[in-house]
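# Analysis of the macromolecular model
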Amino acid sequence: MINNDWDELLKSEFQKPYFIDLVQKVKIEYAKGDCYPPINQIFTALRKTAYSATKVVILGQDPYHNPSEAMGLCFSVPKGVVFPPSLQNIFTELKHDLGYEIPKSGDLSKWANNGVLLLNTILSVERNHPLSHQFIGWLTFTDYIISLLNTKPEPLVFVLWGQHAKSKKALLNNPKHLIIENVHPSPLSAYRGFFDSKPFSQINNYLLQNGVSPIDFDLSH
């Protein structure tokens with residue numbers, strides 16, 4: 001289903017009644033009307049960032065609910081799509097923190113390919129209805145993924161922006177990992193501590209301190 005090491009790690013989860021039920025519910029919702037991301041992109045985050053390759057986990061809530069925006073990576077939009085406000089603020093902070101120019105594209109695939117798992121905790125959504133799929137089983141599935149990552153022996157960085165992401169801190173008790181918590185980068189909260197928080201340099205400093213190669217966050221080329 002995923003085509004990397006997640007398949008073996010999640011094999012037992014895929015066979016559980018709740019997951020089989022979840023798959024059926026998702027198929028029904030997508031058949032009824034517009035849902036995002038495209039159904040073949042629901043597991044993009046796992047496909048692009050194998051468990052063994054994961055160095056950083058950025059947790060989102062659920063996919064963008066406007067047409068053409070969601071692509072299966074939290075905060076990311078396809079090339080050519082106008083940046084949603086939260087992504088614009090992430091890029092603004094990236095420039096403040098590391099000096100990289102704001103990119104022309106909001107596609108974060110380069111980060112995903114470089115070891116950043118861009119995981120929404122709810123992997124699908126109905127058009128124009130945020131959180132519409134929060135009770136169909138996704139949270140059970142992604143909590144299991146987060147718990148698996150917590151057991152990883154190599155040092156990881158977990159980035160928890162906003163109250164929903166922070167609620168997952170209860171799943172993280174491995175002292176080898178760094179947890180970066182802050183307000184959400186949305187316009188409603190970004191000025192309450194997100195700007196000038198320097199998350200990207202914090203991530204790379206921690207990785208380097210632990211003998212892990214840093215993330216190339218530069219998307220400007």
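Our subject in this report is the structure included herewith. All of these numbers come straight from a predicted model, not from anything done at the bench. (Residues numbered from 1 in each chain as written. Predicted model: local features only at pLDDT ≥ 70, side-chain atom pairs only at ≥ 80, totals over all residues. Heavy atoms only, no water.)

## Concerning the overall build of the protein
Summing up its helical and strand segments, the protein has nine helices and six strands in all. Since a compact globule built from 221 residues should have a radius of gyration of about 17 Å, the 17 Å found for the protein is in line with a globular shape. Overall size of the protein, expressed as C-alpha extent along the three principal axes, is 45 × 40 × 30 Å. Looking at the protein residue by residue over its 221 residues, the buried ones come to 52%. Residue pairs at least 24 apart in sequence account for 65% of intrachain contacts in the protein once pairs closer than 6 positions are excluded. Counting only carbon and sulfur atoms, one obtains 55% of the accessible surface of the protein, whose full area is about 10100 Å². Side chains of the protein carry 20 positive and 20 negative charges; the gap between the two charge centres is 1 Å. (Helix = DSSP H or I, 4+ residues; strand = E, 2+ residues; numbered from the N terminus. Rg over C-alpha atoms; globule rule 2.2 N^0.38 Å. Buried < 20%, exposed > 50% of the residue type's maximum accessible area, 1.4 Å probe, protein only. Contact = heavy atoms within 4.5 Å. Areas by Shrake-Rupley, 256 points an atom, 1.4 Å probe, with all protein chains shown as cover. Lys, Arg positive; Asp, Glu negative; His and termini not counted. Charge placed at Lys NZ, Arg CZ, Asp CG, Glu CD.)

## Some details on the packing of aromatic side chains
Considering all chains together, one arrives at 16 aromatic pairs under this definition. Residues Tyr 18 and Phe 19 carry aromatic rings whose centres are separated by 6.3 Å and whose planes lie at 85° to one another, so their mutual orientation is edge-to-face. Classification of Phe 19 as buried rests on a relative accessible area of 2%. A centroid spacing of 5.1 Å and a plane angle of 70° characterise the contact between Phe 83 and Phe 91, whose relative ring orientation is edge-to-face. Each member of the pair, Phe 83 as well as Phe 91, carries the same accessibility label: buried. Taken together, the ring pairs connect Phe 14, Tyr 18, Phe 19, Phe 43, Trp 138 and Phe 141 into an aromatic cluster. Across from the ring centre of Tyr 144, 5.5 Å away, lies the NZ or CZ of Lys 16, which sits over that ring. Cation over ring: Lys 152 sits above Tyr 51, and NZ or CZ is 5.6 Å from the ring centre. (Phe/Tyr/Trp six-rings, centres within 6.5 Å; stacked < 30°, edge-to-face > 60°. Lys NZ or Arg CZ within 6 Å of the ring centre and 35° of its normal.)

## Digging into unusual backbone geometry
Between Tyr 36 and the following residue, Pro 37, the backbone shows a cis peptide bond with an omega angle of -5°. Mapped onto the elements, Pro 37 comes out in the loop between strand E1 (35–36) and helix H4 (44–48). You will see that Phe 75, though not glycine, has its phi angle at about 70°, which is positive. With respect to the element layout, Phe 75 can be found in the loop between strand E2 (56–60) and helix H5 (85–98). With phi around 70°, Asp 196 is a residue other than glycine that occupies positive phi space. When you line up the elements, Asp 196 lands in the loop between strand E6 (178–182) and helix H9 (199–209).

## Description of the layout of surface pockets
Roughly 530 Å³ of internal volume is contained in the largest pocket. Every element with two or more residues in the lining of the largest pocket is listed here: E2, H5 and helix H8 (163–166). Broken down by element, the residue count for the lining of the largest pocket peaks at three residues, all from H8. Along the lines of polarity and charge, the residues of the lining of the largest pocket split into twelve nonpolar, 13 polar and two charged. Of the volumes computed, that of the second largest pocket is approximately 160 Å³. Lining the second largest pocket we find Met 1, Phe 19, Leu 22, Val 23, Val 26, Lys 27, Ile 39, Ile 42, Phe 43 and Trp 138. No other element matches helix H3 (residues 17–32), which puts five residues into the lining of the second largest pocket. (1 Å grid on protein atoms, 1.4 Å probe; cavity = no way out; pocket = protein on both sides within 12 Å on 5 of 7 lines; lining within 4 Å. Points joined across faces, edges and corners; volume = space filled by probe spheres on them. Nonpolar A, V, L, I, M, F, W, Y, C, P; charged D, E, K, R; others polar.)

## Remarks on the environment of Arg 192
Relative to the elements of secondary structure, Arg 192 occurs in the loop between E6 and H9. Once the C-alpha coordinates of Arg 192 and Asn 182 are considered, the two residues, ten residues apart in sequence, prove to be 9.1 Å apart.

## Describing the nonpolar core
In a soluble, globular protein the nonpolar side chains are often hidden away together inside. If you look at the biggest cluster of nonpolar residues, it comprises 70 residues, and the most contacted ones within it are Trp 6, Trp 111, Trp 138 and Phe 141. Looking at this core, the element that brings in the most residues is helix H7 (residues 138–150), giving six residues. Other than its neighbours up to four places away in sequence, Trp 111 contacts Ile 90, Leu 94, Val 116, Leu 118, Phe 200, Asp 216, Phe 217 and Leu 219. (Core = buried A, V, L, I, M, F, W, Y, C linked by side-chain atoms within 4.5 Å.)

Everything listed here is a matter of geometry and, on its own, says nothing about what the molecule does.
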